[in-house]
Amino acid sequence: MSIGDLREGLAERFHSLRHRNFRLYWVGQLVSLVGTWMQSVAQGWLMHRLTPSAFMLGLLGFCQFIPVLLFSLWAGVVVDHVDKRRLLYWTQGGALVQAALFAALTGFGVIQVWMVLALAMGFGVINAFDLPARQSFLVELVGKEDLSNAIALNSAAFNVARILGPAVAGGLLAAIGESGCFWLNAVSYVAVLVSLTRMTLPPRAGAVPHRMRSTMREGLRYAWGVVSIRNLLVLLALTAGIGFQYQTLLPVYASDILHQGAGAYALLVSAFGVGALAGAVRLTQKLDRWGLRANLLAGLASAGLGLFVLAWSRVLWLSMVGGVFAGFGLIVYVASTNTLLQLTTDDRYRGRVMSLYTLMFIGTTPFGALLAGWIAQRWGAPIATSLSGTAMVLGAVW
């Protein structure tokens, strides 16, 4: 194969990057997400250091994701009626302030369990508006023709960060502590703010309508009335609510089951990221609707298998293999669901439907995290993770 053929093949594979606005957005997101994953690892390790309770890790997940359940439907109405770039300025700026506050409290040695929970909840409020805004913003950057590829590359950026962030955090936790990881995350948000500033976009409109409730009900009626959208959202709620809770318990696996330290914890998180990155690269291929639907089945089955391996492994390398399979399956399933929803949804309802996607994907997590933490506290982490794996397999069967 000649160099010209290789370039042509890469251009076809990553064709959404031909859009300048998307290139800016993608690079900014990649830098910021590395920092976010560093903070995620440091936050979980900090909580496990302050209190060894598995239930408290579940409570941490509950606090971080309960705002999505409470606010995401309202957020969808806002996203559909405001300039998305302006909204992202606010959400990304708010996340920068949250990370800096986390860093300062930890660095001065005054951080307490309730503060960790409160800051996690604050980040959840930001995410309730940020996630549907980012998801629905993609179509403005690339158009519907390149949307599937843009979603796949966005997932790839997320999972490259998922590999790099924990790997860097594993070393930095010992060198500069949790506070240093939080400060680096705060700085990383500058990359997103700069990328948003440099984009050239047509002006968007207007104020949020006064009748928010009726607008929200209109979006709910639309999503429930379109059978394919309804089925995708219901399946996502059931699998995400129970099946996606593995990360809550990874500090327990690293310290209590594998009897290792923060480095092993970072390796476990990175293993899920390696699998997810492979899944995202697979999704850069052009697929029709039937190919995307086949991905739902394959993704759920792979995720279930990987979670069962993680649950019962007692050696680090095998646990990491389970993480790779689970990460691959999860991203293939979630990204295919995202693409199918966006291809099906009318533009007028995109923000509201993506807020429902966020609600089903992340808003169900608080109860699943509490359930996983309670089961792990009572019967052990392997039982809790096996329940998650069972949920994924049952989703594949359905």
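Just above sits the structure.
Rules and cut-offs
Residues numbered from 1 in each chain as written. Predicted model: local features only at pLDDT ≥ 70, side-chain atom pairs only at ≥ 80, totals over all residues. Heavy atoms only, no water. Core = buried A, V, L, I, M, F, W, Y, C linked by side-chain atoms within 4.5 Å. Buried < 20%, exposed > 50% of the residue type's maximum accessible area, 1.4 Å probe, protein only. Helix = DSSP H or I, 4+ residues; strand = E, 2+ residues; numbered from the N terminus. Contact = heavy atoms within 4.5 Å. Axes fitted to C-alpha atoms, helices over the stretch in contact; angles between N-to-C directions. Parallel < 35°, antiparallel > 145°, perpendicular 65-115°, else oblique. Left-handed = near helix turned anticlockwise from the far one by under 90°. Salt bridge = Lys/Arg side-chain N within 4 Å of Asp/Glu carboxyl O.

A separate point is the nonpolar core. Counting 77 residues, the largest nonpolar core has Y253 and Y333 as the members making the most contacts within it. Broken down by element, the residue count for this core peaks at nine residues, all from helix α2 (residues 20-50). Discounting chain neighbours no more than four positions away, the residues touching Y253 are L258, H259, L268, L310, A311, A381, P382 and T385. If you look at the next biggest cluster of nonpolar residues, it comprises 21 residues, including A133, V139, L141 and L147.

Another aspect to go through is the packing of helix α4 (residues 84-107) against helix α5 (residues 113-142). One way to put it is that α4 packs onto α5 with a least axis distance of 9 Å and a crossing angle of 155°. It follows from the interaxial angle that α4 and α5 lie roughly antiparallel. Judged by the twist between their axes, the crossing of α4 over α5 is left-handed.

Moving on, we come to the side chain of H48. Tracing the sequence through the fold places H48 in helix α2. With a relative accessible area of 12%, H48 lands in the buried category.

Counted by the stated rule, this structure contains three salt bridges. Close ionic contact of E178 with R49 constitutes a salt bridge, the shortest N to O distance being 3.0 Å. Of the two residues, E178 is situated in helix α7 (residues 177-198) and R49 in helix α2; the sequence distance between them amounts to 129 residues. The residue K84 makes a salt bridge to E140 at a minimum N-O spacing of 3.2 Å. Here K84 is found in helix α4, whereas its partner E140 is found in helix α5, with 56 residues between them in sequence.

As far as function goes, none of this settles anything; it's purely spatial.
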